[in-house]
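# Results of the structural survey
Spelled out, the chains give:
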Amino acid sequence: MRRMDGPCLIVGAGGLLGGSLQKRLIAHGNPVIVYPRAALDVTDAEAVRAALKQTNAAVLINATAMTDVDGCERDPAQAALINATAPGILAAAAQDIGAVMVHVSTDYVFPGRTEGFYEESDQPDPINVYGKTKLDGERAVAESCTEWLIVRTSGLYGRGGKNFICKMPELFRNAATVRVIDDLNLSPTYVLDLSDTIIKLLDRGNRGLYHVVNEGQPSWYEVARVVARFTGAESKLSRASHREFPLAAKRPVNSSLINGRLLEESVWLRSWKEALHAYLLTCS
Ligand SMILES: NC(=O)c1ccc[n+]([C@@H]2O[C@H](COP(=O)([O-])OP(=O)(O)OC[C@H]3O[C@@H](n4cnc5c(N)ncnc54)[C@H](OP(=O)(O)O)[C@@H]3O)[C@@H](O)[C@H]2O)c1
């Protein structure tokens, strides 16, 4: 198996995961090349092929995506272009230069009608456009190159992120009341832990499909309760149902993941609560 024997090229480094991976790879002593969105549109096959040929990248990390789940439902063509077509373009270009393709996917490839804790061997069956296009992206990667690593994660949060978990500390400081749904479960994952595990997998030469999440399957309410306690604002928090917030895209009821392959290989990630505490300490 080929290990990291050259620079890592990151596309999507302006996003939450891409930015974190850039910092962690540099801290790990690995040279990094970054193409910001303004310099490279990953949906432009010609531009991607030309850009990669100018590098000696050993690894190409795709941290781009259209992550706005309701936005994907409203604009499925754009979602398909970014989440499904672009990963195939990137994987083919990685193959051309002999680089390993790293692609990131989501728990939303699963329907979430069950008890959750989906493993890599479970059958995907997405229920919204985001999940469908991300699953198509996984397949495009596997079909377009031979050396690939696909990492599925869930409920990603960290400094600089724009999603609900990232915004919770500020919300509890500023709002009078905060209602959070208690009937959708996930595996919230700290971007730092995901980044370090991706680097570990690359160092070890691992290939194929991996689930990488902090351990557990809390509801959004349970996540919010930890944040509320930390910010001393527990009295502001109350429970809600997802049925009270009609959204464009259907959400899986329980899309939590289990790190089946990592556990087999004796690689452990800390629990979601421990990781969330570590994140909250960086916010105060
Ligand atoms: N966030 C989550 O909760 C979550 C959960 C499970 C899995 N994931 C997966 O984890 C990965 C990273 O997510 P993230 O939260 O870090 O995403 P993010 O913060 O939304 O970052 C995505 C990046 O992709 C860039 N991008 C979009 N279209 C592009 C294009 N055509 N060409 C070049 N760049 C483009 C965006 O640029 P602009 O900012 O300019 O648009 C942004 O910098 C994604 O594959 C996502 O599906 C995320």
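Below is a short write-up of the structure.

Procedures and definitions
- Residues numbered from 1 in each chain as written.
- Predicted model: local features only at pLDDT ≥ 70, side-chain atom pairs only at ≥ 80, totals over all residues.
- Heavy atoms only, no water.
- Near = heavy atom within 4 Å.
- Polar contact = N/O pair within 3.5 Å; in protein donor to acceptor, adjacent residues only side chain to side chain.
- Areas by Shrake-Rupley, 256 points an atom, 1.4 Å probe, with all protein chains shown as cover.
- Helix = DSSP H or I, 4+ residues; strand = E, 2+ residues; numbered from the N terminus.
- Phe/Tyr/Trp six-rings, centres within 6.5 Å; stacked < 30°, edge-to-face > 60°.
- Lys NZ or Arg CZ within 6 Å of the ring centre and 35° of its normal.
- Axes fitted to C-alpha atoms, helices over the stretch in contact; angles between N-to-C directions.
- Parallel < 35°, antiparallel > 145°, perpendicular 65-115°, else oblique.
- Left-handed = near helix turned anticlockwise from the far one by under 90°.
- Contact = heavy atoms within 4.5 Å.
- Nonpolar A, V, L, I, M, F, W, Y, C, P; charged D, E, K, R; others polar.
- Buried < 20%, exposed > 50% of the residue type's maximum accessible area, 1.4 Å probe, protein only.

Near the ligand there are 24 residues, and of these Leu17, Arg37, Thr67, Tyr130 and Lys134 occur at the shortest range. Backbone polar atom of glycine 15 to an oxygen atom of the ligand: 3.1 Å apart, as the coordinates give it. The side chain of aspartate 41 places a nitrogen or oxygen atom 2.9 Å from a nitrogen atom of the ligand. Here the ligand has 910 Å² of accessible area as a free molecule, and 83% of this is covered by the chains. Within the residue set of the shell around the ligand, elements represented by two or more residues are α1 (16-27), β4 (100-106) and α5 (129-144). Ranked by residue count, the leading element in the shell around the ligand is β4, at three residues.

Let's shift gears to the packing of aromatic side chains. For the structure on display, the rule yields six aromatic pairs. These aromatic residues form a ring-pair network of at least three members: Tyr157, Tyr190 and Tyr279. Lying across the ring of tyrosine 210, arginine 261 places its NZ or CZ 4.0 Å from the centre.

The interhelical angle for the contact between helix α8 (residues 220-230) and helix α10 (residues 272-283), taken along N-to-C directions, is 40 degrees, at an axis separation of 11 Å. Between α8 and α10, the interaxial angle falls into the category oblique. Pair α8 / α10 crosses with right-handed handedness. Facing α8, whose interface residues are Glu222, Val223, Val226, Val227 and Phe230, α10 presents Trp272, Lys273, Leu276, His277, Leu280 and Leu281. A breakdown of the residues in the contact of α8 with α10 according to their chemical character gives eight nonpolar, one polar and two charged.

Turning our attention to unusual backbone geometry. Although it is not a glycine, phenylalanine 117 sits at a positive phi angle of roughly 50 degrees. Looking at the element boundaries, phenylalanine 117 is found in the loop between β4 and α5. Residue class for phenylalanine 117 comes out partly exposed when judged on its relative accessible area of 35%. Non-glycine residue serine 266 carries a positive phi angle of around 60 degrees. In this fold, serine 266 is placed in the loop between α9 (260-264) and α10.

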